[in-house]
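Single-letter residue listing:
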Amino acid sequence: MCGIIGYIGDRKACDVIVSGLKRLEYRGYDSVGVVTENGGTLHIRKGAGKIGELEKKLGLSELPGTRGIGHTRWATHGIPDDTNAHPHTDCTGRIALVHNGIIENYLELKEELLKRGHIFKSDTDTEVIAHLIEEELKTAANFEEALRRALNRLKGSFALGIIYSGDGEHLYFVRNESPLVLGIGKGEMFAASDVPAFLPYTNRAVFIDDGEYVILSKEGYIVKDFRTGEVREKDVHTIEWSLKMAEKQGYPHFMLKEIHEQPKAVKEAIYGNAEGIADIAEEIAGYDKIFIVAMGTSYHAAIAGKYLFQRLARKVPVVEEASEFRYEAEGLLDENTLVIAITQSGETADTLAAIKLAKRNGAKTLSIVNVVGSMATRISDLVLYTHAGPEIGVAATKTYTTQLTVLAMLAIALARHLGTADEQLLNALEKRLYELPDLIAEALKHEENLKELAEALRDRKDFFYIGRGISVATALEGALKLKEISYIHAEGLSAGELKHGPLALIEDSVPVVAVAPSGRTFDKIVSNIEEAKARKGFIISLGDNDELMKISDVFIRMPEVDELLSPILYVVPLQLLAYHLAVLRGNDPDKPRNLAKSVTVE
Ligand code: G6P
């Protein structure tokens, strides 16, 4: 959803900006642009394409000056071409800005500005902001006042970086419903959509909240409320993530590195939450009306969470996509409601809207989040971190398995507190949970086989993923991974649904991936596999029962694990299969077309 970065200090600004944009590329990669200022002149270079291609072509690293801003785009308004690439400027060329978000009232503002004689160069919503500030500057006492006046006319979501050639000392940044964080250096300051952008230079960060703007200078920062003009005091956080964690470390793609990091990530999730989880369980134990809301992969974790809560804690949460919940739940929420939000980034627009709606209605909110200090963590009553470390690949992998780990821990703690499950069962589950990192390492050993399988299946057009019980979540997630990065059509569904429609699509050699751990419904999924086999489907099964070998074209033997913990393990081969199919088909799995990691617009 676009990445922005800004630098002011003594270094060559373009170097800091270009390297930061490379680390922000997961947010969007349609086009790139940089502006620096030197001796009162703005130097702008921008174009359609990825930073790797454009860095040399546009000479981004030749821009002079020690102050500047940059942008990597995921197009919302206007096709991704050179003209629509950010930064955008006003008519005088003295104001340049970059934007992450959507200006909802831009048409109305544009009309007004056109009438006043402004000339627009792009089709973007962003450009109106530059002209609006220019217009306000005609009557305002100074740039800051013009900026504030303009901001108060904008509707929508926006994180902005602004440079004004008439002010050689500062950069300006704004946050409203799109992420923005400051990096605090010594004699230099940074601002960006996300921490990894400036992690090589500083790990001291200030998270900006909605409705705030920042005046950034070499020596420091002032944060103000753009509605009232009041100065806001901000806490400085120390970020535990290291730069190394945000680099590929010899892997060809971030996604592959993150898949392989799962044993460690799950271990961190377990140890990072072992102490606090009982207290959180106690706090939420009294709620019987529970919603779990999320989007994308996090939504699949929510589905698994429902099974965990049902089986162990005897609670039946309503699982809903945050984008639906936000428009459906008004009138259904009160102080007896618990809303659990799951979000890797803590910045997904729909999920944040869902949390805000819950809060407005007096509900208790608990967020399960990966990014420390993100918006979801700041607006929720309770927070559990997944401790997965930075995830750069657009397709979520280690953050999913750590979300599942946290949900399993929460359900176990809740069941223990409520006495809803046999203590022996809970102890056994807990013991197995601690063994999961080793079991995941074991599952990763299938990589070579999965690569061969990917070779055999590279030209297939449709895949079906089936599962029962908690494995429905794995089926959905396996299908999503495949769609996202290999661009092969895939459907994930509960195996019981197969006969009610999708079976009509199973014909000779259509791959059917059956997620079949031993458990309550094992026999049932065996029947579903037979049904697909009878239609000549190509059966790939994952499980720990040898019976599967006899009825499958390909059998992926998984370590034995309790069904309730199986999603943490069984998704791993599916991630690898999707990854290798994507690579074989010539796609970049880290940057799938049309997608972005953080969907910070609705
Ligand atoms: C995007 C990403 C997905 C992610 C989803 C929800 O679609 O590409 O990987 O699962 O957003 O993001 P969140 O940060 O809220 O988990």
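Reading the values: the criteria
Residues numbered from 1 in each chain as written. Predicted model: local features only at pLDDT ≥ 70, side-chain atom pairs only at ≥ 80, totals over all residues. Heavy atoms only, no water. Helix = DSSP H or I, 4+ residues; strand = E, 2+ residues; numbered from the N terminus. Rg over C-alpha atoms; globule rule 2.2 N^0.38 Å. Buried < 20%, exposed > 50% of the residue type's maximum accessible area, 1.4 Å probe, protein only. Pairing = 2+ DSSP bridges. Contact = heavy atoms within 4.5 Å. Axes fitted to C-alpha atoms, helices over the stretch in contact; angles between N-to-C directions. Near = heavy atom within 4 Å. Polar contact = N/O pair within 3.5 Å; in protein donor to acceptor, adjacent residues only side chain to side chain. Areas by Shrake-Rupley, 256 points an atom, 1.4 Å probe, with all protein chains shown as cover. Nonpolar A, V, L, I, M, F, W, Y, C, P; charged D, E, K, R; others polar. Domains from an automatic or database assignment. Salt bridge = Lys/Arg side-chain N within 4 Å of Asp/Glu carboxyl O. Lys, Arg positive; Asp, Glu negative; His and termini not counted. Left-handed = near helix turned anticlockwise from the far one by under 90°. Core = buried A, V, L, I, M, F, W, Y, C linked by side-chain atoms within 4.5 Å. Right-handed = clockwise from strand over helix to strand, strands pointing away.

1. Quick notes on the overall build of the chain
Inference 1: When its secondary structure is counted, the chain shows 19 helices and 24 strands.
Inference 2: By the compact-globule yardstick of 25 Å for 602 residues, the chain fits well, its C-alpha radius of gyration being 25 Å.
Inference 3: Its C-alpha atoms give the chain principal-axis dimensions of roughly 75 × 50 × 45 Å.
Inference 4: The buried share of the chain, taken over its 602 residues, is 62%.

2. What to know about the sheet that holds strand β8 (residues 171–176)
Inference 1: Taken in spatial order, the six strands of this open sheet run β5-β6-β7-β8-β12-β13, and their pairing is antiparallel. The sheet is open, and its two borders are formed by β5 (88–89) and β13 (221–225), each paired with just one other strand.
Inference 2: With two bridges connecting them, β5 and strand β6 (residues 95–103) associate as antiparallel partners. Across the sheet, residue Thr89 finds its bridge partner in β6, namely Ala96.
Inference 3: Set on the sheet, helix α4 (residues 127–137) makes contact with β5, β6 and β7 (156–164); between it and β6 the angle comes to about 125 degrees.

3. Considering the pairing of strand β19 (residues 382–385)
Inference 1: Of the two faces of β19, only one is covered, namely that formed by Leu382 and Leu384; the face formed by Val383 and Tyr385 stays uncovered.
Inference 2: One ladder, built from four bridges, connects strand β18 (residues 364–369) with β19; its direction is parallel. Bridged to Val369 within β19 is Tyr385.

4. Observations regarding the site of the ligand
Inference 1: Among the 13 residues in the neighbourhood of the ligand, the closest are listed as Ser298, Thr343, Gln344, Ser345 and Thr348.
Inference 2: In this structure, an oxygen atom belonging to the ligand sits 2.5 Å away from a side-chain N or O atom of Thr348.
Inference 3: Within the backbone of Val394, one N or O atom sits 3.1 Å away from an oxygen atom of the ligand.
Inference 4: Protein contacts shield 90% of the accessible area of the ligand, which totals 380 Å² for the unbound molecule.
Inference 5: Top element by residues in the shell around the ligand is helix α9 (residues 296–313). It accounts for three residues.
Inference 6: Considering only residue class, the shell around the ligand consists of five nonpolar, seven polar and one charged.

5. Quick word on the domain arrangement of the chain
Inference 1: Under the domain assignment, the chain is made up of domain 1 (3–243), domain 2 (253–421) and domain 3 (444–589).
Inference 2: Connecting domain 2 to domain 3 are one salt bridge.
Inference 3: Between Glu563 and Arg311 there is a salt bridge, with the nearest N and O atoms lying 3.8 Å from each other.
Inference 4: Where domain 2 touches domain 3, the interface holds eight residue pairs in polar contact (both at pLDDT 80 or more).
Inference 5: Breaking the side of domain 2 that touches domain 3 down by element, the ones donating at least two residues are α6 (254–260), α7 (262–274), α9 and α13 (398–418).
Inference 6: Counting residues per element, the side of domain 2 that touches domain 3 draws most heavily on α9, at nine residues.
Inference 7: In the side of domain 2 that touches domain 3, the residues fall into 15 nonpolar, nine polar and one charged.

6. Details of the sheet that holds β18
Backbone-to-backbone hydrogen bonds pair the strands of a sheet. The strands run either parallel or antiparallel.
Inference 1: On the basis of which strands lie adjacent, the open sheet formed by five strands has the order β16-β15-β17-β18-β19 and parallel pairing. Each edge of the open sheet carries a strand with a single partner, namely β16 (318–321) and β19. Adjacent strand axes in the sheet meet at a mean angle of 20 degrees, parallel and antiparallel pairs treated alike.
Inference 2: Two strands pair when backbone bridges link them, and strand β17 (residues 337–343) and β18 are joined in this way by six bridges, in the parallel orientation. Residue pairing in the sheet places Thr343 in a bridge with Val369 of β18.

7. Considerations on the side chain of Asp544
Inference 1: Relative to the elements of secondary structure, Asp544 occurs in the loop between β23 (538–543) and α18 (547–551).
Inference 2: One buried charged side chain, Asp544, makes no salt bridge at all; its nearest oppositely charged neighbour is Arg557, positioned 6.7 Å away.
Inference 3: At a separation of 2.5 Å, a polar atom in the side chain of Asp544 contacts the side chain of Ser518.
Inference 4: Beyond its immediate stretch of four places on either side in the chain, Asp544 contacts Ala516, Pro517, Ser518, Arg557, Met558, Glu560, Val561 and Tyr570.

8. Notes on the packing of α7 against α13
Inference 1: Orientation of α7 relative to α13, taken along the N-to-C sense of each, is 35 degrees, at an axis distance of 9 Å. In this structure, the crossing between α7 and α13 has a hand that is right-handed. Seen from α7, the contacting residues are Gln262, Ala265, Val266, Ala269, Ile270, Asn273 and Ala274; seen from α13, they are Lys398, Thr401, Thr402, Thr405, Val406 and Met409.

9. Overview of the pattern of salt bridges
Inference 1: Under the definition given, this model contains 42 salt bridges.
Inference 2: The salt bridge involving Glu261 is made with Lys257; its shortest N-O contact spans 3.2 Å. The burial state of Glu261 is the same as that of Lys257; both residues are buried.
Inference 3: For Glu283, the salt bridge identified is with Lys364, shortest N-O distance 3.4 Å. With Glu283 in helix α8 (residues 277–284) and Lys364 in strand β18, this pair connects stretches of sequence that are 81 residues apart.
Inference 4: When salt bridges that share partners are traced, they join Asp209, Glu212, Asp225, Arg232, Lys234 and Arg378 into one network.

10. A few points about the nonpolar core
Inference 1: Counting residues in hydrophobic clusters, the biggest one holds 89 residues, and the most contacted among them are Leu312, Leu366, Leu410, Leu436, Phe463, Tyr465 and Leu569.
Inference 2: With residues near it in sequence (within four places) discarded, Leu436 still touches Val266, Val561, Leu565, Ile568 and Leu569.
Inference 3: Grouped together as the second largest cluster of nonpolar side chains are 28 residues, Leu109, Phe120, Ile162 and Phe226 included.

11. Some thoughts on unusual backbone geometry
Inference 1: The amide bond that connects His86 to the next residue, Pro87, takes the cis arrangement and shows omega of 0 degrees.
Inference 2: Despite not being glycine, Glu177 has its phi angle at roughly 65 degrees, a positive value.
Inference 3: Here Glu177 lies in the loop between β8 and β9 (181–184).
Inference 4: In this structure Glu177 comes out as partly exposed when scored by relative accessible area, which is 40%.
Inference 5: The phi torsion at Arg314 lies on the positive side, around 55 degrees, for a residue other than glycine.

12. Some words on the pairing of β17
Inference 1: A large share of β17 lies buried, amounting to seven of its seven residues.
Inference 2: Here β17 shows no split at all, with Thr337, Val339, Ala341 and Thr343 on one side and Leu338, Ile340 and Ile342 on the other all buried.
Inference 3: Sheet topology places strand β15 (residues 289–294) next to β17; six bridges connect them, and they run parallel. For Ile292, the partnering residue across the bridge sits in β17 and is Ile340.
Inference 4: The handedness of the β17 to β18 crossover, carried by helix α11 (residues 349–360), is right-handed.

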